[in-house]
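Overview (structure and organization)
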Amino acid sequence: MKGLILSGGAGTRLRPITHTSAKQLVPVANKPILFYGIEDMAEAGITEIGIIVGSTAAEIEAAVGDGSRFGVHVSYLPQDEPLGLAHCVLIARDFLGDDDFVMYLGDNMLEQGLGGFIARWESQHTAALQPALGDAPDGPTGAPAAQILLTPVPDPQRFGVAELDEEGNVVALVEKPEDPPSDLALVGVYLFSKLIHQAVAAIAPSARGELEITDAIQWLIDSGAPVHHDLLDGWWLDTGKKDPLLESNRRVLESLEARVDGEVDADSKVDGRVVIEAGARLVNSEVRGPAIIGAGSVITSSYIGPFTAVAANCEVTDSEIDQSVIMEGARIRAVPRLTDSLMGRDSEVTRGARRSQATRVTLGDHSTVELA
């Protein structure tokens, strides 16, 4: 089985951060979002991964390399324009060959791994040979041509939604319906057999000019090929906006194992689930977890509160921060309270003459803000 990770999007909903950085490389708990998907695939035993890349290809290739650090081999597949998820399958045809594959959206974060999802697929395929389209059996007994992951959501109008029959079989998929047939949204993880290539070649672009993966899966259903589903175990977040990204950061920080590899002076305090990376220094400061302080960062006379990730080589002086993601090289000086914030690389926040009680910001790389 191969893996296909989609990382070609421009990340317009995370601007200004994504004016200068790929959205899939924005860190969650000091690790790029994209790395979580690669690690999930590696843990599930997938060693051949194709990554769809767009305008940020050079940055993603520099960060991921050949994949050897993850125990996998990575191939890069350029997509000139964002023409839909099914279009990604179309342009990956040579890489995928006739192998089954997992398709994973590169900006999604899932609590559960891929192991159980893949194990169910493999057990079904060992029990039955993949049928030809015209001879595919009805119901869930045949080996599936596709397997989707679903989760209940309070606002299904915003998602691709699955309609199930009384036996729980997938009978229809609808993209962002005004009148949803269920509350079961498609999570950004899919399993496909080689039959999906027939489907993506057969469908036409949607009204928005894209080849929709929901249309391709619906083509399989209409052709008589079984499409199975699993229900998501745990949380799922699309990190394409600031608030879900901060929520992902909170969820992952809660799973950290505390360790202190850096320097903590006698006047500093570390409380709770906190990671202090090697080379980081705490001087007359308090860090209350869950939180992580990256290598080379210096925290001086400051308070770092829960659900905060400070990346490598940052400086925080005479400030208070909580529930925020601070990217590499950022500087924060004399800020009384910074909360619910996302700061880009090498950005800076300082305080002016007038005092403020709380600050909420989204800053792009190399920006500077002076607080009045």
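Higher on the page you've got the structure.
A short tour of the structure in this document, coming up. (Residues numbered from 1 in each chain as written. Predicted model: local features only at pLDDT ≥ 70, side-chain atom pairs only at ≥ 80, totals over all residues. Heavy atoms only, no water.)

**Thoughts on the pattern of salt bridges**
Stated formally: We define a salt bridge as a contact between a side-chain nitrogen of Lys or Arg and a carboxyl oxygen of Asp or Glu at a distance within 4 Å. Think of it this way: any DSSP run of H or I at least four residues long counts as a helix, any run of E at least two long counts as a strand, and we number them from the N terminus.
As enumerated under the stated definition, the model contains 18 salt bridges in all. E247 is paired through a salt bridge with R250; the nearest N and O atoms lie 3.0 Å apart. Taken together, the residues E247 and R250, both in helix α8 (residues 242-253) and three residues apart, mark about one turn of the helix. Between R337 and D322 there is a salt bridge, and its shortest N-O distance comes to 3.1 Å. Highlighted residues: R337 in the loop between β27 (331-333) and β28 (338-339) and D322 in strand β25 (residues 320-322), separated in sequence by 15 residues.

**So, the environment of Q79**
The condition is simple: Two residues form a contact once any of their heavy atoms are found within 4.5 Å. Polar contact criterion, stated in full: a pair of N or O atoms within 3.5 Å, where within protein one must be able to donate a hydrogen and the other to accept it, and residues adjacent in sequence count only if both atoms are side-chain atoms.
Inspection of the secondary structure assignment puts Q79 in the loop between β5 (73-78) and α3 (85-91). Sequence-wise, Q79 and L6 are 73 residues apart; in three dimensions their C-alpha atoms are separated by 9.8 Å. Setting aside residues up to four positions removed in sequence, Q79 forms contacts with I52, V53, G54, G84, H87, C88 and I91. Of note is the side chain of Q79, whose polar atom sits 2.9 Å from the side chain of H87.

**Considering the packing of helix α1 (residues 33-43) against helix α2 (residues 57-64)**
Stated precisely, the cut-off is as follows: Axis angles are defined between N-to-C directions and span 0 to 180 degrees, where every axis is a line fitted to C-alpha atoms and, for a helix, only to the segment in contact. Orientation categories follow fixed angle ranges, with anything under 35 degrees roughly parallel, anything over 145 roughly antiparallel, 65 to 115 roughly perpendicular, and all other angles oblique. The handedness criterion is simple: a crossing whose near helix is rotated anticlockwise from the far helix by less than a right angle is left-handed, and one whose near helix is rotated clockwise is right-handed. Throughout this entry, Asp, Glu, Lys and Arg are counted as charged residues, while Ala, Val, Leu, Ile, Met, Phe, Trp, Tyr, Cys and Pro are counted as nonpolar. The remaining residues, Gly among them, count as polar.
With their axes 11 Å apart at the nearest point, α1 and α2 run at an angle of 55° to one another. Accordingly, the angle class assigned to the pair α1 and α2 is oblique. The handedness of the crossing between α1 and α2 is right-handed. Between α1 and α2, the residues in contact are L34, F35 and I38 and I60, A63 and V64, respectively. Counted by class, the contact of α1 with α2 contains six nonpolar, no polar and no charged residues.

**Some remarks on the sheet that holds strand β16 (residues 269-271)**
Rules: Any two strands with at least two DSSP-identified bridges between them are counted as paired.
On the basis of which strands lie adjacent, the open sheet formed by five strands has the order β16-β19-β22-β25-β28 and parallel pairing. Each having just a single partner strand, β16 and β28 make up the two edges of the open sheet. For strand β22 (residues 303-304) and β25, the ladder comprises two bridges, and the chain directions are parallel. By the bridge assignment, I304 is partnered in β25 with I321.

**Quick look at the packing of helix α6 (residues 195-202) against helix α7 (residues 213-222)**
Their axes nearest at 8 Å, the elements α6 and α7 cross at an angle of 115°. Comparing the axis directions of α6 and α7 gives the class roughly perpendicular. Once α6 is placed against α7, the crossing between them reads as right-handed. Note on element contacts: α7 touches α6 through A216, W219 and L220, opposite L195, I196, Q198, A199, V200 and A202. Class assignment of the residues belonging to the contact of α6 with α7 gives a composition of eight nonpolar, one polar and no charged.

**Notes on the nonpolar core**
Heads up, the condition is: Definition used in this section: a nonpolar core is a set of buried Ala, Val, Leu, Ile, Met, Phe, Trp, Tyr and Cys residues joined via side-chain atoms within 4.5 Å. Working definition: with a 1.4 Å probe on protein chains only, accessible area under 20% of the residue-type maximum means buried, over 50% means exposed, and in between means partly exposed.
Counting residues in each nonpolar core, the largest one holds 37 residues, and the members touching the most others are L4, M103, F192, I196, I213, I217 and L220. Counting residues in hydrophobic clusters, the runner-up holds 33 residues, among them F35, I49, L110 and V187.

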